[in-house]
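If you want the building blocks of each chain, they are given just below.
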Amino acid sequence: MDKAIMIENLSKTYKNNRGIHDINLEVNSGEIFGFLGPNGAGKTTAMKIMTGLMKPDKGDVKINGYSITESYEKAMKNVGCIIESVMLHQYLSGFENMKLRARYFDVSDSRIDECLEITGMLKFKNEKTKNYSLGMRQRLGLSMAILSDPQILILDEPLNGLDVEGMVEIRNLILKLSRETGTTFFISSHLIHDVELTCNKIGILYEGKLLNIDSTDNILKNYSSLENYYLSEVDSNV
Amino acid sequence: MSDFRAAYINELYKISKKKKITVTIILSVLAVILTGIVVYAINRFAGIRITGYSEFPTLALSVFSYTLIPLFTAFVCIDMFSSEFVEQTIKITLTGPASRFKVFTAKVLAAATFIAANLLFVMLITLIVSLFINGIPTDLFKIILSYIFEFFPIFVFALMIILICNITKGTVSAFMISILVFLLLNGLGIVFSAYKSFLFTSAFDWYKLFLGSYINFHKIFRVFVILCGYGIMLFGISNYLFDKKEL
């Protein structure tokens, strides 16, 4: 199976000694990988390095075989992402924000409308984003991420700020994209239930260290719920 | 190349959508008209000839090249760099398919485009105002040349602000330090006048070298080389810092 994402010995330490330490993992094409961990575990740090927003102290990330530090453009060509909360240009409308990303991929206006429709933002497309709620910003961020029809989606806490209905919609969207287009997902979350329902492979990050990686099916064979598995892994490694 | 083109168009688009551009246009028009009225009044009523009417565009340039043009340039550069990092909107651009070098160069080119457009706009207004004062300027070629050459020192100034933006963490600090550095460099030029020619701020009025009857090409070349040196150095350091910047 093709390796969509390869993380090798990835380390990054901040001045306060927190960060991530020697993370190694692989995500195959078409998988929905859940990066599970509490707040401050280092999920966002890893994802920032994966998308080139940060440089690692050690190690590398390869996306579709290309190193993010050495061949950024090739690595990111087929990647869409949301990192932390979605920050938009507030003096622009939702559509205009989308247009900024669309220019890189030569995407038509009708495709922008299509993505806005998928995330339920079409009716707000001409509103300035300064009036958007957190959930609306998150939905627009998702629209931007899927705009170029990428092979890989890296989503950091994609359900942040969404109401229950929104969470279900986005979860279904992820499953649909995975099923219909074979999109690979790398999703970080601290919402165990959502990870359990969405992801087919799960890695647990705790205090900057990757404790374990296993398929959701395997985990649920041995544990009654993902929560139990998570607590057991954390207990045995602390 | 298409990535670079997209990044450049995006930067121009963002600049054009900011309210500061409307303010720039309004203030430029008002400032030129006000300067025109003052010049006209002094010439006509005080009997002091501070300029021939045909020189009004270059007189206005000598005023604006130290005031409004650097100020507007500073606003645009700080918006493009510091504001985007503070508001984290830069993530949209940096997680796109263009490399940081392309994004940085696109931003610098957009700043250069803004400076050129601002100078062109001021030149056109001053020409229109001078028409109202005393007909068509006689030396249009030299006026155009003055505005074209003013682009270079202002562009180097923009690169200096971009460097400051990449060192500082906030928009206010970037703005304050830019003003302080601008004043400091001008002050140093006055105090150490023997070394003035090594400071790029002293080249803000270098277009005057073309205006006289004798044109010193040697001096023009020397100033141009100094400006190029500053430009390459500031671009290189700023690009390095931009590339290393983490979010």
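Numbers given for residues are sequential positions, taken from 1 along each chain in its written order. Chains carry letters from A onward and ligands carry numbers from 1 onward, assigned in written order. Only residues with pLDDT of 70 or above have their local features reported here, since the model is predicted, and side-chain atom pairs are shown and tallied only from 80 upward, although totals for entire chains, interfaces and linings are computed over all residues. Here the side-chain values reflect all heavy atoms present in the structure, with hydrogen atoms and water set aside.

So, on to the sheet that holds strand β2 (residues 19-28) of chain A. What links the strands of a sheet is backbone hydrogen bonding, and the strands pair in either a parallel or an antiparallel sense. Residues and elements named next belong to chain A. One requirement defines pairing of two strands: DSSP has to find at least two bridges between them. Numbering of helices and strands runs from the N terminus; a helix is a DSSP stretch of H or I covering at least four residues, while a strand is a stretch of E covering at least two. Taken in spatial order, the four strands of this open sheet run β2-β1-β4-β5, and their pairing is antiparallel. Each edge of the sheet is formed by a strand with only one pairing partner; in this case those strands are β2 and β5 (66-67). By the bridge criterion, five bridges tie strand β1 (residues 3-13) to strand β4 (residues 58-63) in an arrangement that is antiparallel. From the neighbouring strand, Ile5 faces β4, where its bridge partner is Ile63. We call two residues in contact whenever any of their non-hydrogen atoms come within 4.5 Å of each other. Between N-to-C directions, angles cover 0 to 180 degrees, with each direction set by a line fitted to C-alpha atoms, over the stretch in contact for helices. Relative to β1, helix α1 (residues 43-50) is tilted by about 120°, and along the sheet it contacts β1, β2 and β4.

With that out of the way, let us pick up the interface of chain A and chain B. Each partner contributes to the interface: chain A provides 28 residues, whereas chain B provides 28 residues. The junction of chain A with chain B conceals about 2,700 Å² of combined surface from both sides, 55% of it contributed by carbon and sulfur atoms. Each reported salt bridge corresponds to a side-chain nitrogen of Lys or Arg within 4 Å of a carboxyl oxygen of Asp or Glu. Along the contact surface separating chain A from chain B lie four salt bridges. Between Lys102 of chain B and Glu73 of chain A there is a salt bridge, and its shortest N-O distance comes to 3.0 Å. Here a polar contact means two N or O atoms within 3.5 Å. Within protein one must be a hydrogen donor candidate and the other an acceptor candidate, and residues neighboring in sequence count only if both atoms are side-chain atoms. If you look at where chain A meets chain B, you find 17 residue pairs in polar contact (both at pLDDT 80 or more). Secondary structure elements with two or more residues in the side of chain A that touches chain B: α2 (72-76) and α3 (94-105) of chain A. Per element, the largest residue contribution to the side of chain A that touches chain B is eight residues, and it comes from α3 of chain A. A 1.4 Å probe defines the accessible area here, and the buried area is the portion of it lost by two parts on being joined, summed over both.

Moving on, we come to the side chain of Thr35 of chain B. All names here are of chain B. For Thr35, the position within the fold is in helix α2 (residues 19-46). Residue classification places Thr35 among the buried residues on the basis of a relative accessible area of 16%. Within the structure, Thr35 has its side chain in polar contact with the backbone oxygen of Ala31 (distance 2.6 Å). The residues contacting Thr35, other than those within four sequence positions of it, are Phe56 and Phe64. Between buried and exposed lies partly exposed: a residue is buried under 20% and exposed over 50% of the maximum accessible area for its type, with that area taken using a 1.4 Å probe on protein chains only.

Okay, a nonpolar patch on the surface next. Residue and element names in this part refer to chain B. The grouping of Leu184, Leu188, Ile190, Val191, Phe192, Tyr195 and Phe198 at the surface amounts to a nonpolar patch, some 780 Å² of accessible area in total. Looking at where Val191 falls in the secondary structure, it is placed in helix α8 (residues 171-191). Owing to a relative accessible area of 61%, Val191 belongs among the exposed residues under this scheme. Without a salt bridge and with relative accessible area above 30%, a residue can belong to a patch; like charges are then joined within 9 Å and nonpolar side chains (Val, Leu, Ile, Met, Phe, Trp, Tyr) within 5 Å. Only the protein chains shown count as covering a residue, and every accessible area follows the Shrake-Rupley method with a 1.4 Å probe.

Quick look at the packing of aromatic side chains now. Any pair of aromatic rings gets described here by the distance separating the centres and the angle formed by the planes. Two rings from Phe, Tyr or Trp (for Trp, the six-membered ring) form a pair when their centres are within 6.5 Å of each other. A pair whose planes differ by under 30 degrees is stacked, one over 60 is edge-to-face, and the rest are tilted. One pass over the structure, following the stated rule, counts 25 aromatic pairs over all chains. Centroid distance Phe104 of chain B to Phe242 of chain B: 5.4 Å. Interplanar angle 45°. Geometry classified as tilted. One end of the pair, Phe104 of chain B, is in helix α6 (residues 100-134); the other, Phe242 of chain B, is in helix α9 (residues 217-244), and 138 residues separate them in sequence. Residue Phe104 of chain B is classed as buried on the basis of its relative accessible area of 0%. You can call Phe242 of chain B buried: its relative accessible area is 0%. Their ring planes at 40° and their centres at 4.1 Å tell us that Phe149 of chain B and Phe210 of chain B sit as a pair that is tilted. Here Phe149 of chain B, found in helix α7 (residues 140-167), pairs with Phe210 of chain B, found in the loop between α8 and α9; they are 61 residues apart in sequence, far enough to count as distant. A relative accessible area of 8% means that Phe210 of chain B is categorised as buried. Site record: aromatic cluster; members linked through ring pairs are Phe149, Phe151, Phe152, Phe155, Trp206, Phe210 and Phe224 of chain B. Here, a charge over a ring is recorded when the distance from Lys NZ or Arg CZ to the ring centre is within 6 Å and its angle to the ring normal is within 35 degrees. When the ring centre of Tyr13 of chain B is taken as origin, the NZ or CZ atom of Arg103 of chain A, which lies over that ring, is 4.7 Å away. Lying across the ring of Phe81 of chain B, Lys107 of chain B places its NZ or CZ 5.5 Å from the centre.

Residue and element names in this part refer to chain A. Within the open sheet, the six strands sit side by side as β6-β7-β8-β3-β9-β10. Their pairing is mixed. Across the chains shown, the open sheet's two edge strands, defined by having one partner strand only, are β6 (79-82) and β10 (209-215). Mean inter-strand twist for the sheet, computed between neighbouring axes without regard to direction, equals 15°. The pairing of strand β7 (residues 152-156) with strand β8 (residues 184-189) spans five bridges and is classified as parallel. Note that in β8 the partner of Leu153 across the bridge is Phe185.

Right, let's talk about α9 of chain B for a bit. Multiplying 1.5 Å by the residue count of a helix minus one yields the expected span of that helix. With 28 residues, α9 of chain B extends 40 Å between its outermost C-alpha atoms, agreeing within 8% with the 40 Å of an ideal straight helix rising 1.5 Å per residue. Among all positions of α9 of chain B, only Ile220, Val223, Ile226, Leu227, Tyr230, Gly231, Leu234, Ser238, Asn239 and Phe242 of chain B are buried.

Note on terminology: pairs of cysteine sulfur atoms within 2.5 Å are recorded as disulfides. According to the stated counting rule, one finds zero disulfides over all chains in the structure shown. In this model Cys115 of chain A remains outside any disulfide bridge; the closest cysteine sulfur is found in Cys81 of chain A, 15 Å from its own. By relative accessible area, Cys115 of chain A is classed as buried at 0%. Cys77 of chain B supplies the cysteine sulfur nearest to Cys228 of chain B, a cysteine that is in no disulfide, at a spacing of 18 Å.

Before going further, it helps to examine the pairing of strand β9 (residues 201-206) of chain A. All names here are of chain A. Counting buried residues in β9 gives five out of six residues, a clear majority hidden from the surface. In terms of strand pairing, strand β3 (residues 32-36) meets β9 through four bridges, oriented parallel. Bridged to Leu36 within β9 is Ile204. Strand direction decides the pairing type here: β9 and β10, joined by six bridges, are antiparallel. Opposite Ile204, over in β10, you have Asn212 as the bridge partner. Linkage of β9 to β10, two consecutive antiparallel strands, is achieved through a turn of two residues, within which Glu207 is found at a positive phi near 50°.

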